[in-house]
Amino acid sequence: MKSTLDISVIVPSFNERESIPELCSRVDKVMHDHGFSYELIIVDDGSTDGSWDVVKQLASSNTSVHGIRFRRNYGKSAALYCGFDKAAGDVVITMDADLQDSPEEIPELYDMVAKDGYDVVSGWKQHRKDNAITKNLPSKLYNATARMITGIKLHDMNCGLKAYRSDVVKDIEVYGEMHRYIPYLAKNAGYTKITEKPVHHEKRKYGKSKFGMERFINGFLDLQSLWFLSTFGKKPMHFFGYTGLLMFLVGFVMTVWIIAAKLIHQSQGIHYRAVTDQPLFYLALLAVILGVMLFLAGFICEMISRSSSQRNDYNVREEF
C-alpha cells in the first residue's frame, strides 16, 4: 500500500546543536518548494550539548519534525536502524546533521528512486572540502577496497547522503558500524539497482568531526566480517572444511614425504637425520592438527547454522 508521505528524511545527530535549526529550515524549504509531503526524523544519539531541547522546540513549531532520543551514544548504525523502523515515506533519504550534506540534493535523489526506479542512490562527494591527507587519501583507499570486495562500483560508499526505496530499509538490518555498507547489505538482500549521484559537499560550519582515523580500520574489519557472513554465513563448512582439508592434505603429504625419504636413504645405506630432528616434520604435524581443528570448527558452525531460527529466511520479491 502506498504511503501518504513522499519522503522520510532521517538525520542521525550527536552534539550538533548549532546545525540542527539551519538543517531543518533548509529541508523544509526544499520540500515546500517542490510540493513534497515529508517527515524529518532526527535521531539524537545521546547528545550532551542540549541538542534534544532544540529538536523539541523545532517539533513544536513544525509537525513534520519528529525526534528519537537515545539514553546514551550508540553510534550511527543504531540511529539509522531506529530511523528506518519509524520511516513512513515512499522514499527514505539519509543525511548527516553537520550541514556538509546539502538538502538541495533531495529532489534529484527522490526522482532517481521514485521515477528512474533505483533501489539505492548513494551520494558521491567528488570535490571534498576535507583535509586531503587525513580524509581524502584514506577515503580513496578505503573505497577502492570496498569496490573490490563488494563488487559495487561506488566512489563514495561512506557518504551519509543516500536515498532508498522504502522496501530496502525495511528489509535490511543495520547494526554495529555497518552503516558504511548499507548498499552492500541491500545488494545481499536482492536489491541490485544501485547507483550513485555526484553531490555537493560543504565545509563543516559548526563544531568538529566526530570520526577519527580509526574509522578506516574499523571499516575494513567490518567489511571483512560482512563479506564472510554474506558468503559463508549459511554454509560455514564450505570455508572451514575446504581450508582444513587443504591444510590436512599438505601436512599429510609432507609427513609421508619425510618418512619415505628416510626409508629410501636407510635402504641405500646413506646417513639421514631422524624424522623428529627435522623442523619440517613439526611444520607438517602442525598443518595436520590445524587442518583437523578447522574441519571440526566448520562442522560445529554448520550445526549452529542449521539450528538457527533464521536459516530459512528468504526475501520473497512477489507471489500470486
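Before reading on, note that the structure itself is shown above.
Residues numbered from 1 in each chain as written. Predicted model: local features only at pLDDT ≥ 70, side-chain atom pairs only at ≥ 80, totals over all residues. Heavy atoms only, no water.

**Some thoughts on the sheet that holds strand 1 (residues 5–13)**
Applied cut-off: Criterion used throughout: strands pair if DSSP finds at least two bridges between them. Think of it this way: any DSSP run of H or I at least four residues long counts as a helix, any run of E at least two long counts as a strand, and we number them from the N terminus. Structural elements are reduced to axes, namely lines fitted to C-alpha atoms, with helices fitted over the stretch in contact, and the angle between N-to-C directions of any two is expressed from 0 to 180 degrees. Working rule for contacts: check all heavy atoms of both residues, and any pair within 4.5 Å makes them a contact.
Strand order in the open sheet formed by seven strands is 3-2-1-4-6-5-7, with mixed pairing between adjacent strands. What marks the edges here is a single partner per strand, and that holds for strand 3 (65–69) and strand 7 (194–198). The average angle at which neighbouring strand axes cross in this sheet is 20 degrees, direction not considered. Two strands pair when backbone bridges link them, and strand 2 (residues 38–44) and strand 3 are joined in this way by five bridges, in the parallel orientation. Paired with Val 43 across the bridge in strand 3 is Ile 68. Running over the sheet, helix 1 (residues 19–34) touches strand 1 and strand 2 and is turned about 165 degrees from strand 2.

**Here's the deal with helix 4 (residues 106–114)**
Formally: Residue burial is assigned from relative accessible area. The probe radius is 1.4 Å, only protein chains are included, and a residue is buried under 20% of its type maximum, exposed over 50%, and partly exposed in between.
Inspection of helix 4 places Ile 106, Pro 107, Leu 109, Tyr 110, Met 112 and Val 113 among the buried residues, and these make up the whole buried set. Looking at the buried side of helix 4, the elements it contacts are strand 1, helix 1, strand 4 (89–94), strand 5 (120–124), strand 6 (162–165) and strand 7.

**So, the nonpolar core**
The nonpolar side chains of soluble globular proteins are, as a tendency, buried together. Which entries qualify depends on this criterion: Take the buried Ala, Val, Leu, Ile, Met, Phe, Trp, Tyr and Cys residues and link them wherever side-chain atoms come within 4.5 Å; each set so joined is a nonpolar core.
Core analysis: the largest hydrophobic core is formed by 33 residues, its most contacted members being Ile 7, Val 9, Met 31, Leu 40, Ile 93, Met 95 and Ile 106. Mapped by element, the contributors of at least two residues to this core are strand 1, helix 1, strand 2, helix 2 (51–61), strand 4 and helix 4. For this core, the element with the most residues is helix 1, which contributes six residues. Not counting the four nearest positions on each side in its chain, Leu 40 is found in contact with Val 9, Val 11, Cys 24, Ser 64, Val 65 and His 66.

**Concerning unusual backbone geometry**
Phi is positive for Asn 15, which is not a glycine, with a value near 55 degrees. Backbone geometry at Leu 99 places phi at a positive 70 degrees, although glycine is not the residue there. For Leu 99, the location among the structural elements is in the loop between strand 4 and helix 4.

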